[in-house]
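A look at the structure
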Amino acid sequence: MTRFDHDLFVIGAGSGGIRASRISHHLGGRVAIAENYRVGGTCVIRGCIPKKLLAYAAHYAEDFEDARGYGWSIEGASFSWPALIANKNREIARLSAVYTDGFARVGIPVVEGTAKVVDAHTVEIAGRRVTAQNILVATGGAPVKPSIPGMEHAITSNEAFELPELPKRILIVGGGYVAVEFAGIFHGLGSAVTLSYRGGQILRGFDDDVRKHLHDEMVKKGVRILLNHTVSGIARRADGTLEATASGGKIECDAVMFAIGRKPNTARLGVSEIGVKLDEEGGVAVDRFCRSSVASIYAVGDVTNRIALTPVAIREGGAVALTLFGGVETPVDHDDVPSAVFSQPPVGTVGLSESTAAEKFGKLDIYKTTFRPLRHTLSGRDERTLMKLVVDAASQRVVGAHMVGADAPEIIQGIALGVKAGLTKQQFDATVGIHPTAAEEFLTLREKAAAK
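Here's a quick rundown of the structure.

Conventions we followed
Throughout this document, residue positions are counted from 1 along each chain, in the order its sequence is written. Only residues with pLDDT of at least 70 are given local features in this predicted model, and only at 80 or more are side-chain atom pairs given and counted; all residues enter the totals for whole chains, interfaces and linings. Calculated side-chain values reflect all of the structure's heavy atoms, with hydrogen atoms and water omitted. Only the stretch in contact is used when a helix axis is fitted, and all axes are lines through C-alpha atoms; the angle between N-to-C directions ranges over 0 to 180 degrees. By the criteria applied, helices consist of DSSP H or I runs no shorter than four residues and strands consist of E runs no shorter than two, each listed in order from the N terminus. For any helix crossing, the convention is left-handed if the near helix is rotated counterclockwise from the far helix by under a right angle, and right-handed if that rotation is clockwise. Only heavy atoms enter the contact rule, under which two residues are in contact if any of them lie within 4.5 Å. Charged residues are taken to be Asp, Glu, Lys and Arg, nonpolar residues to be Ala, Val, Leu, Ile, Met, Phe, Trp, Tyr, Cys and Pro, and polar residues to be all remaining types, Gly included. Any angle between 65 and 115 degrees counts as roughly perpendicular, while under 35 counts as roughly parallel, over 145 as roughly antiparallel, and the rest as oblique. Multiply 1.5 Å by the residue count of a helix minus one, and that product is the helix's expected span. Here the term buried applies to any residue with accessible area under 20% of the maximum for its type, exposed to any over 50%, and partly exposed to those in between, with areas from a 1.4 Å probe on protein chains only. Residues enter patches when they are more than 30% accessible in relative terms and free of salt bridges; like-charged ones are connected within 9 Å and nonpolar ones (Val, Leu, Ile, Met, Phe, Trp, Tyr) within 5 Å. The Shrake-Rupley method, run with a 1.4 Å probe sphere, supplies the accessible areas, and residue values consider only the shown protein chains as cover. Only one rule defines a salt bridge in this text: a Lys or Arg side-chain nitrogen within 4 Å of an Asp or Glu carboxyl oxygen. Asp and Glu are treated as the negative residues and Lys and Arg as the positive ones, with His and the ends of the chain left uncounted. Think of each charge as sitting on NZ of Lys, CZ of Arg, CG of Asp or CD of Glu.

On to the packing of helix α3 (residues 48-67) against helix α4 (residues 81-106), then. At a closest axis distance of 10 Å, the pairing of α3 and α4 adopts a crossing angle of 145 degrees. For the pair α3 and α4, the crossing hand works out as right-handed. Seen from α3, the contacting residues are I49, P50, L53, L54 and A57; seen from α4, they are W81, L84, K88, E91, I92 and L95. Grouping the constituent residues of the contact of α3 with α4 by class yields 9 nonpolar, no polar and 2 charged.

Shown next as structure tokens:
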């Protein structure tokens, strides 16, 4: 019987790889993990966690303004970008160390360096080869960079977290969640923000009412949004500022950020050369057990090009560990996965959009409302919240819930339980709400809106 160095070798110490390693070790597997940057992956180092910290910081500008309506007078408030970044970096270093120390404490070796898969059971790192009965690819994704003149002057989300100073004017290219989140961050911290998106509305793939509502709220706050708009080049001016060539003319700014999507990290990984099937964007094609076309090689998280969310990667990593060492093949359920956009205001959503639900079920009952949150009756802020339920008319099951407004991610996390459990509209109606809250509005929607 072939003797391997490890039962499982994990490539990538991000959310999915960490979870798979920990559970596999707990279940008795001999595990090692490789990482070529910092332990923690995109989410911890330059994704979800630092992004939300910056989103918190950005919202204080409005909080200070709103406080006046409640009798508070806050004079002399000022903001320091270097202080924010330094504090953020300290917290990120702490979190990365927690994971690194956790590996050391339980005896999981961390191999530093870029790993390449040599064959179905062999990985090479810096000239050293190790073998494993199974290999898990958890290398995540990376921002897409377009091939345009002057792209060397632009940044992506990776660099946005480490800018030496806050740009006075920034052009953000893209219309997905990363683009709108950073638009809110930079605007809230004092930058003049222009968002350029080639499509007809931001947040493609989200419910249409959510897309329009967020667009309108962002514009009200002062973000300039250019739809059906493209950027074809960037040049640095003599004074050090940038000039972007766009479909509507020239745009002068101090920074250009591209947030036009992410691609799976499989280049130079070696998996395609040994027969692992990739999709057209380079993602590792896997079955419902996260197994690739090569039986001993698994993949989880963003590198599979399915649902690029940290909790999904964590769930997939745990499932692979149970499949390999828990004695039962464990699939991952990707239906009704809740998600959030930490924009200003934030978005929370679970289940199907109205258009997708109409394709699947036909006739729908739609319930939605917009309202001014209680908080702003005294603050005077012109911000409205959107709530929407999508109901299958035949079964009366709630198949989608969507919200734009303060605390939307927190509220939708709870609503997701009901959607996942298949609760009906009547069961929502029978639930007593907590008053006064925004969340209770999901339980008091009575008037049907016209389906689109």
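Now that the structure has been shown, the text picks up again.
Moving on, we get to the packing of α3 against helix α6 (residues 177-188). The relative placement of two packed helices comes down to the angle between their axes together with the axis-to-axis distance. Look at α3 against α6: their axes get within 8 Å of each other, and the N-to-C directions meet at 45 degrees. Between α3 and α6, the interaxial angle falls into the category oblique. Note that α3 runs across α6; the crossing there is left-handed. Only E181, G184, I185 and G188 of α6 make contact with α3, whose side of the interface consists of K51, L54, A55, A58 and A61. Of the residues belonging to the contact of α3 with α6, the class tally is 5 nonpolar, 2 polar and 2 charged.

With 12 residues, α6 extends 16 Å from end C-alpha to end C-alpha; this agrees with the ideal 16 Å at 1.5 Å per step. Those residues of α6 lying buried are V178, A179, V180, E181, F182, A183, G184, I185, F186 and G188. Looking one or two residues beyond α6, the residue adopting positive phi is G190, at roughly 120 degrees.

A contiguous patch of positive charge, built from R19, R22, R105 and R315, is present on the exposed surface. Tracing the backbone shows R105 in helix α4. R105 gets classed as exposed once you look at its relative accessible area, which sits at 67%.

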